[in-house]
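What follows is the residue order along each chain.
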Amino acid sequence: MTETGHEAADHAAEPGELERLRAELRDVRARLRVRPMISQAQGILQERYALPDGESAFALMQRASQRYNIRLRTLADTLLAVTRPDPGADLWFPRRSRSPEPALRFAEARRTGAGNRGAVLSAVLSQALAVVDTDMGNVQVADRAMGGLRIEKHTGLSADFVDFFEHVDDDGTACAEAARNLAQVTVRDVETDPVFDEPAREAILAAGSRACHSTPLTTDAGLCLGMVSAHFERPIEGLTETQLKALDVMGAEAGRWLAWHDRTVVLDALEHLHALGRVHRGRRIRRS
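Nothing here was measured: the structure is a model prediction, and the numbers come from that model.

So, about the sheet that holds strand β1 (residues 136-142). A sheet is described by the order of its strands in space; here six strands give the open sequence β3-β2-β1-β6-β5-β4, paired in antiparallel fashion. Only two strands of the sheet have a single partner each, and these edge strands are β3 (167-168) and β4 (185-187). Alignment of β1 against strand β2 (residues 149-155), held across six bridges, turns out to be antiparallel. By the bridge assignment for β2, glutamine 140 is matched with isoleucine 151.

Below, the structure written as structure tokens:
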């Protein structure tokens, strides 16, 4: 029996429809991961500044986020983690000290704007991929509210990969091991390396990665604030001492910069949010 023209057209459309549905599912999962954190931050602000609704609380966060060029998620993440301001205090962080922005000496960072976290993370990813000569990779940052690591920048990786690894916990992956031990981790062959649990292994292989290398972004105090990972299409023998040294230096510089950004730019944004809350206390605020 032969197919009619309509049946053939329906079958031809099925792959596209399937991908559309998968994209919608990925989008829903991404929103579900972020929405509870944003909602919790809205509730705190609504109570703290006697705001009439959650929309006004969101508007406060939006204005601070836009002024200091930081993600709403980052702002909410930090708001949930820091100590609340003293009642009636003009300043949220009256005793904090300030320091100049640390220098980033690796080549890709020299083109970034001052204080721009997104640009710095993009430069970190570009530099790491240039050092190891590949075009697949991602940068993660430490998730203060949930623990673990979450992806903020990526290139050359499938949407399914990014969806699966959007947030990783403390084990089952190479990046988790690198964060736990504050040391670079090379996976020469994803297919056989015991660092991965099986779901993670399957997701990496499905994305076309056969080897990977993770470099922690660390502070002088020994904290891991992020991770940059490079992926390769084929198994590798390992990296050279020169490559490992270059990545180590970059990871330390980037870690120091992220620590500075957290205690300077992000806290400036929260301070601005606090000032807005005091000015608009009890009043409805519109989104900008």
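Bringing the pairing of strand β6 (residues 224-232) into the picture now. Judged by how many residues are buried, β6 sits mostly within the fold: nine of nine residues are covered. Note: β1 against β6, six bridges, orientation antiparallel. By the bridge assignment for β6, valine 141 is matched with glycine 226. As consecutive antiparallel partners, strand β5 (residues 211-218) and β6 are separated by five residues, and within that stretch glycine 222 has a phi angle of approximately 85 degrees, a positive value.

Any residue range with low pLDDT should be treated as having predicted coordinates unsuitable for detailed reading. Averaged over all residues, the pLDDT of the protein chain is 89; the fraction at 70 or higher stands at 89%. Across residues 5-13 the pLDDT falls below 50, and counting only partners more than four positions away or on other chains, this stretch makes three contacts in the model.

Here we take up the pairing of β2. Between β1 and β2, which pair antiparallel and follow one another directly, the connecting turn spans six residues, one of which, glycine 147, has a positive phi of 80 degrees. Of the pairings in the sheet, the one linking β2 to β3 comprises two bridges and is antiparallel in character. Bridge pairing links arginine 150 to histidine 167 in β3.

For the rest of this paragraph, the subject is unusual backbone geometry. Although it is not a glycine, alanine 50 adopts a positive phi angle of roughly 50 degrees. Secondary-structure assignment places alanine 50 in the loop between α1 (5-48) and α2 (54-68). Residue classification places alanine 50 among the partly exposed residues on the basis of a relative accessible area of 39%. A positive phi angle, close to 55 degrees, is found at asparagine 69, a residue other than glycine.

Cut-offs and rules
Residues numbered from 1 in each chain as written. Predicted model: local features only at pLDDT ≥ 70, side-chain atom pairs only at ≥ 80, totals over all residues. Heavy atoms only, no water. Pairing = 2+ DSSP bridges. Helix = DSSP H or I, 4+ residues; strand = E, 2+ residues; numbered from the N terminus. Buried < 20%, exposed > 50% of the residue type's maximum accessible area, 1.4 Å probe, protein only. pLDDT = per-residue confidence, 0-100. Contact = heavy atoms within 4.5 Å.

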